Amino acid sequence: IVTAGLLYWLIRRYTGVLQASEKHLHTVIDALPVLISYVDADHRYRFTNKAYEDWFDAKVEGRRIGQVLGEAAYEKVSKDIDKALSGETVNYETTIPYSSGERSVNATYVPDFGAAGQVKGFFALVQDITERRQTEEELRKWADAFEGCAHGIAIGLPTGRLLTCNPAFARLQGRTIEEVSSMSILEMYDPPIHEYVKQCIAEADRTGHAQYEARMI
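What you see is a predicted model; the values in this text were computed from it and never measured.

About the cut-offs
The numbers attached to residues start from 1 for each chain and follow its sequence in the written order. Under the rules for a predicted model, residues below a pLDDT of 70 receive no local features and side-chain atom pairs below 80 are neither given nor counted, while totals for whole chains, interfaces and linings still include all residues. Side-chain descriptors were evaluated using all non-hydrogen atoms of the structure, hydrogens and water having been removed beforehand. One fitted axis covers the seven residues ending at a residue, a second covers the seven starting there, and the bend at that residue is the angle between these axes. Secondary structure elements follow DSSP: runs of H or I no shorter than four residues count as helices, runs of E no shorter than two count as strands, and numbering proceeds from the N terminus. Each residue is placed in one exposure class: buried if its accessible area under a 1.4 Å probe, protein chains only, is under 20% of its type's maximum, exposed if it is over 50%, and partly exposed if it falls in between. Any two residues whose heavy atoms approach within 4.5 Å are treated as being in contact. Only protein atoms enter the calculation, which uses a 1 Å grid: trapped sets of points that fit a 1.4 Å probe without letting it out are cavities, open sets showing protein on both sides within 12 Å along at least five of seven lines are pockets, and any residue with an atom within 4 Å of a point is a lining residue. Grid points are joined across faces, edges and corners, and a volume is the space filled by probe spheres set on the points. Note that Gly is not counted as nonpolar here; it falls among the polar residues with everything else outside the nonpolar set of Ala, Val, Leu, Ile, Met, Phe, Trp, Tyr, Cys and Pro and the charged set of Asp, Glu, Lys and Arg. Whenever two N or O atoms come within 3.5 Å, that pair is a polar contact, provided that in protein one can donate a hydrogen and the other can accept it, and provided that, for residues adjacent in sequence, both atoms are side-chain atoms. Aromatic pairing here means that ring centres of Phe, Tyr or Trp (its six-membered ring) are within 6.5 Å. Orientation follows from the plane angle: under 30 degrees is stacked, over 60 is edge-to-face, and everything else is tilted. Residues enter a nonpolar core if they are buried and are Ala, Val, Leu, Ile, Met, Phe, Trp, Tyr or Cys, with the set joined through side-chain atoms within 4.5 Å. Two strands are counted as paired when DSSP detects at least two bridges linking them. Axes here mean lines fitted to C-alpha atoms, for a helix over just the part in contact, with angles spanning 0 to 180 degrees between N-to-C directions.

**Here's the deal with helix 4 (residues 71-85)**
Phase 1 of the analysis: Where helix 4 bends most, at Val 77, the angle is about 50°.
Phase 2 of the analysis: For helix 4, every residue scored as buried is listed here: Ala 73, Val 77, Ser 78, Asp 80, Ile 81, Ala 84 and Leu 85.
Phase 3 of the analysis: On its buried face, helix 4 sits against strand 1 (35-40), helix 3 (65-69), strand 3 (90-98), strand 4 (101-113) and strand 5 (119-128).

Spelled out as structure tokens, the structure:
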């Protein structure tokens, strides 16, 4: 009787620890700003975190992937799902046409192997990178405008050191972009007006804008 009571107490204590650990793990997973799920070999969700359900505004567990993602989105990722279920770890970035609109994602699928080596399903981690992609595209457009502008543009520090310039500015100086980038702004002006140029640079640093005319060497 004592042995049985001790075993019962140990089992209850161990079960309580496991339940507390599982609850803590779920709390952490739900707090992550990424979509985490487990999909079985039948293409059904067996686990999803809160972010997944918030994305699709619906209960996802027990439903098939195609039902949740929509036909167009499922067709886009189905080959990667098949790779994961064949035992291959998959990582990709793409734009997916969900029913709620297009989103750019970074996704990783990790196969879950059984004791006999069979694939039981896969773990999926999906991150929304739509905003990052939009920022990168915006930066690319500005970079193209900087490079292709017919007006000379240079970027410098308040100290007067140049960081870079566009091709038009380098042509004005009769130098390469690399040569200009190693110069000081003052090197481009006659010494008698250096103090004037310094004052204009200080004004730009203080107010964000300065306009002046001066003879460049």
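On we go from here.
**Notes on empty space enclosed by the protein**
In this approach, a probe sized like a water molecule rolls over the atoms, and the result shows the empty space that is left.
Phase 1 of the analysis: Summed over the entire model, instances satisfying the criterion amount to one cavity of 30 Å³ or more.
Phase 2 of the analysis: Estimated volume of the largest cavity: approximately 140 Å³.
Phase 3 of the analysis: Lining the largest cavity we find 19 residues, and of these Tyr 45, Tyr 52, Leu 69, Tyr 109 and Val 126 sit closest to its centre.
Phase 4 of the analysis: At the level of elements, strand 1, helix 2 (50-56), helix 3, helix 4, strand 3, strand 4 and strand 5 are the ones that each hand at least two residues to the lining of the largest cavity.
Phase 5 of the analysis: Considered class by class, the residues forming the lining of the largest cavity number 18 nonpolar, one polar and no charged.

**Things to note about the side chain of Ser 104**
Phase 1 of the analysis: As for its position among the elements, Ser 104 is in strand 4.
Phase 2 of the analysis: Within polar-contact distance, the side chain of Ser 104 engages the side chain of Thr 95 at 3.1 Å.
Phase 3 of the analysis: With residues near it in sequence (within four places) discarded, Ser 104 still touches Thr 94, Thr 95, Gln 127, Asp 128, Ile 129, Thr 130 and Arg 133.

**Regarding the environment of Ser 99**
Phase 1 of the analysis: Its place among the elements puts Ser 99 in the loop between strand 3 and strand 4.
Phase 2 of the analysis: Assessed through its relative accessible area of 72%, Ser 99 is described here as exposed.
Phase 3 of the analysis: Spatially, the C-alpha atoms of Ser 99 and Val 68 are 9.4 Å apart, while their sequence positions differ by 31 residues.

**As for the packing of aromatic side chains**
Phase 1 of the analysis: Summed over all chains, the structure comprises ten aromatic pairs.
Phase 2 of the analysis: Residues Tyr 45 and Tyr 52 carry aromatic rings whose centres are separated by 5.2 Å and whose planes lie at 65° to one another, so their mutual orientation is edge-to-face. For the pair Tyr 45 and Tyr 52, one class covers both residues: buried.
Phase 3 of the analysis: Through a chain of ring-to-ring contacts, three or more aromatic side chains come together here, namely Tyr 45, Tyr 52, Trp 55, Phe 56 and Tyr 98.

**With respect to the nonpolar core**
Phase 1 of the analysis: Core analysis: the largest hydrophobic core is formed by 27 residues, its most contacted members being Tyr 45, Phe 56, Leu 69, Tyr 98, Tyr 109 and Phe 122.
Phase 2 of the analysis: Counting residues per element, the ones that place at least two in this core are strand 1, helix 2, helix 3, helix 4, strand 3, strand 4 and strand 5.
Phase 3 of the analysis: Element by element, the count of residues in this core is highest for helix 4, at five residues.
Phase 4 of the analysis: Counting residues in hydrophobic clusters, the runner-up holds twelve residues, among them Cys 165, Val 180, Met 183 and Val 197.

**Points about the sheet that holds strand 2 (residues 45-48)**
Phase 1 of the analysis: If you walk across this open sheet you meet the five strands as 2-1-5-4-3, and the pairing is antiparallel. Sheet topology places strand 2 and strand 3 at the edges, where each strand pairs with a single neighbour. Along the sheet, successive strands turn relative to each other by an average axial angle of 25°, direction set aside.
Phase 2 of the analysis: Relative to strand 5, strand 4 is paired through nine bridges, and the arrangement is antiparallel. Within strand 5, the residue paired with Tyr 109 across the bridge is Ala 124.
Phase 3 of the analysis: The sheet contacts of helix 4 involve strand 1, strand 3, strand 4 and strand 5, and relative to strand 3 the element is tilted by about 160°.

**Overview of the layout of surface pockets**
Phase 1 of the analysis: Considered as a void within the structure, the largest pocket measures approximately 560 Å³ in volume.
Phase 2 of the analysis: Ala 154, Ile 185, Ile 201, Ala 204 and Tyr 212 are the residues nearest the centre of the largest pocket, which is lined by 22 residues in total.
Phase 3 of the analysis: Contributing elements (two or more residues each) for the lining of the largest pocket: strand 6 (154-156), helix 6 (167-173) and helix 8 (194-207).
Phase 4 of the analysis: Sorting elements by how many residues they give to the lining of the largest pocket places helix 8 first, with four residues.
Phase 5 of the analysis: Residue composition of the lining of the largest pocket, grouped by class: 16 nonpolar, five polar and one charged.

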